[in-house]
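The chain contents come next:
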Amino acid sequence: MARKPQNVLVMPFRRLTEMRDEYAVFRRADDPRNPFWQGVAGGVEDGETLIEAARRELREETGLQSPLARWIALDARTTVPATVFKDADLWGAGTFVVHEYAFAVEVFGDEDIVLSHEHSEFRWLDFQAASKLVRFDSNRTALWEVNERLARSRRG
């Protein structure tokens, strides 16, 4: 199936206590000489909505598929040069950037992450550690936003 010039980023989180959250970050397996960490990311297929793509990517890359999960559409957005993607030639010469839309999803304690071939490992980390580990500013911004949303929800 062809993909749109759109991407989704999913930042899984879990609530450990009323005051403590953790975020899952994933080590890419593409290039073992140049590994990097990020959230779940992937393309939007033709005919898919953004949230459908986010759910599919999460399921494909982590095995997580809880239909009751709490999803949060984040305000965080970024663009990525179209030439980074193998489908860039299909989009035509007028497509210079791919828009990335961020989401957060709550993972519950009884759900296990099963990695796809795209990742070699994952870690649950607090906000500060996850922010330091991820490679891309877009991931740091999405992590900050979900962390801030969770903190504000505690304050009422």
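Structure: above.
What you see is a predicted model, and the numbers here were worked out from it, not measured in a lab.

Participant: What is the right way to look at the overall build of the protein in this model?
Facilitator: Within the protein, the regular secondary structure consists of 4 helices and 7 strands. In the protein, the order of α-helices and β-strands from amino to carboxyl end is β-β-β-β-α-β-α-β-β-α-α. The C-alpha atoms of the protein give 15 Å as radius of gyration, which agrees with the globular expectation for 156 residues (15 Å, within 12%). Its C-alpha atoms give the protein principal-axis dimensions of roughly 50 × 35 × 30 Å.

Participant: Any chance you could explain the pattern of salt bridges here in plain terms?
Facilitator: When the charged atoms of two side chains lie near each other, side chains of opposite charge can form a pair. Inspection of every chain in the model, using the stated rule, returns 17 salt bridges. Measuring nitrogen to oxygen at the nearest pair gives 3.2 Å for the salt bridge that ties glutamate 106 to arginine 70. Of this pair, glutamate 106 sits in strand E6 (residues 97-106) while arginine 70 is found in the loop between helix H1 (50-62) and strand E5 (71-81), placing the two residues 36 residues apart along the sequence. Its salt-bridge partner being arginine 149, residue aspartate 75 comes within 3.4 Å of it at the nearest N-O pair. In this pair, aspartate 75 sits in strand E5 while arginine 149 sits in helix H4 (residues 137-155), placing the two residues 74 residues apart along the sequence. With a relative accessible area of 33%, arginine 149 lands in the partly exposed category. Residues joined in a network through salt bridges with shared partners are Glu48, Arg56, Glu57 and Glu60.

Participant: What's the story with the pairing of E6 in this structure? I'm lost.
Facilitator: Sheet faces and side chains relate simply in a regular strand, where the side chains alternate between the two faces. Among the 10 residues of E6, 8 are classified as buried, and the element is accordingly described as predominantly covered. Both strand E1 (residues 3-17) and E6 contribute to a ladder of 8 bridges, which runs parallel. Residue pairing across strands places phenylalanine 13 opposite glutamate 106, the latter belonging to E6. Strand direction decides the pairing type here: E5 and E6, joined by 8 bridges, are antiparallel. The partner of threonine 78 across the bridge, within E6, is glutamate 100.

Participant: Sorry, what's going on with the environment of glycine 39 here?
Facilitator: Mapping glycine 39 onto the fold places it in the loop between strand E3 (37-38) and strand E4 (40-45). Glycine 39 gets classed as buried once you look at its relative accessible area, which sits at 0%. Along the chain, glycine 39 and leucine 9 lie 30 residues apart, while their C-alpha atoms are 6.4 Å from each other. For glycine 39, the contacting residues outside a window of four places in its chain are Leu9, Val10, Met11, Phe26 and Asn139.

Participant: Explanation requested: the layout of surface pockets in the structure shown.
Facilitator: In this structure, the largest pocket spans a volume of roughly 830 Å³. In terms of lining residues, the largest pocket is bounded by 29 residues, among which Arg3, Asn7, Arg28, Gly42 and Phe85 are the most central. Put simply, the parts of the chain that give the lining of the largest pocket at least two residues each are E1, E4, H1, E5 and H4. A total of 5 residues in the lining of the largest pocket trace back to one element, the largest contributor, which is E4. The residue makeup of the lining of the largest pocket, split by class, is 9 nonpolar, 9 polar and 11 charged.

Participant: Before we go on, may I ask you to explain H4 in this structure?
Facilitator: The α-helix advances 3.6 residues per turn, and as a result positions three or four apart in sequence lie on the same side. The end-to-end C-alpha distance of H4, which contains 19 residues, comes to 27 Å, matching closely the 27 Å that a straight helix rising 1.5 Å per residue would cover. Listed as buried for H4 are Ser138, Asn139, Ala142, Leu143, Glu145, Val146, Glu148, Leu150 and Ala151. Buried residues along H4 sit against E1, strand E2 (20-28), E3, E5, E6 and helix H3 (127-133). Trailing H4 by a residue or two, glycine 156 shows a phi angle of about 90°, which is positive.

How each quantity is defined
What you see as residue numbers is a count from 1 along each chain, following the sequence as written. Totals for whole chains, interfaces and linings use all residues, but because this is a predicted model, local features are given only for residues with pLDDT of at least 70 and pairs of side-chain atoms are given and counted only at 80 or more. Only hydrogens and water are set aside when side-chain values are computed; all heavy atoms of the structure are taken into account. Each helix is a run of DSSP H or I of at least 4 residues and each strand a run of E of at least 2, with the numbering of both proceeding from the N terminus. Radius of gyration: C-alpha atoms only; globule rule: 2.2 Å multiplied by the number of residues to the exponent 0.38. What counts as a salt bridge is simple: a side-chain nitrogen of Lys or Arg found within 4 Å of a carboxyl oxygen of Asp or Glu. Here's how the labels work: a residue is buried when its accessible area is under 20% of the maximum for its type, exposed when over 50%, partly exposed in between, all with a 1.4 Å probe on protein chains only. Strand pairing is defined by DSSP finding a minimum of two bridges between the two strands. Any two residues whose heavy atoms approach within 4.5 Å at even a single point are treated as in contact. Computed over the protein atoms alone on a 1 Å grid, cavities are sets of points where a 1.4 Å probe fits but cannot get out and pockets are open sets with protein on both sides within 12 Å along at least five of seven lines; a residue lines them when it has an atom within 4 Å of a point. Grid points are joined across faces, edges and corners, and a volume is the space filled by probe spheres set on the points. Under this grouping Gly is polar, as are all residues other than the nonpolar Ala, Val, Leu, Ile, Met, Phe, Trp, Tyr, Cys and Pro and the charged Asp, Glu, Lys and Arg. To estimate how far a helix should reach, multiply one less than its number of residues by 1.5 Å.

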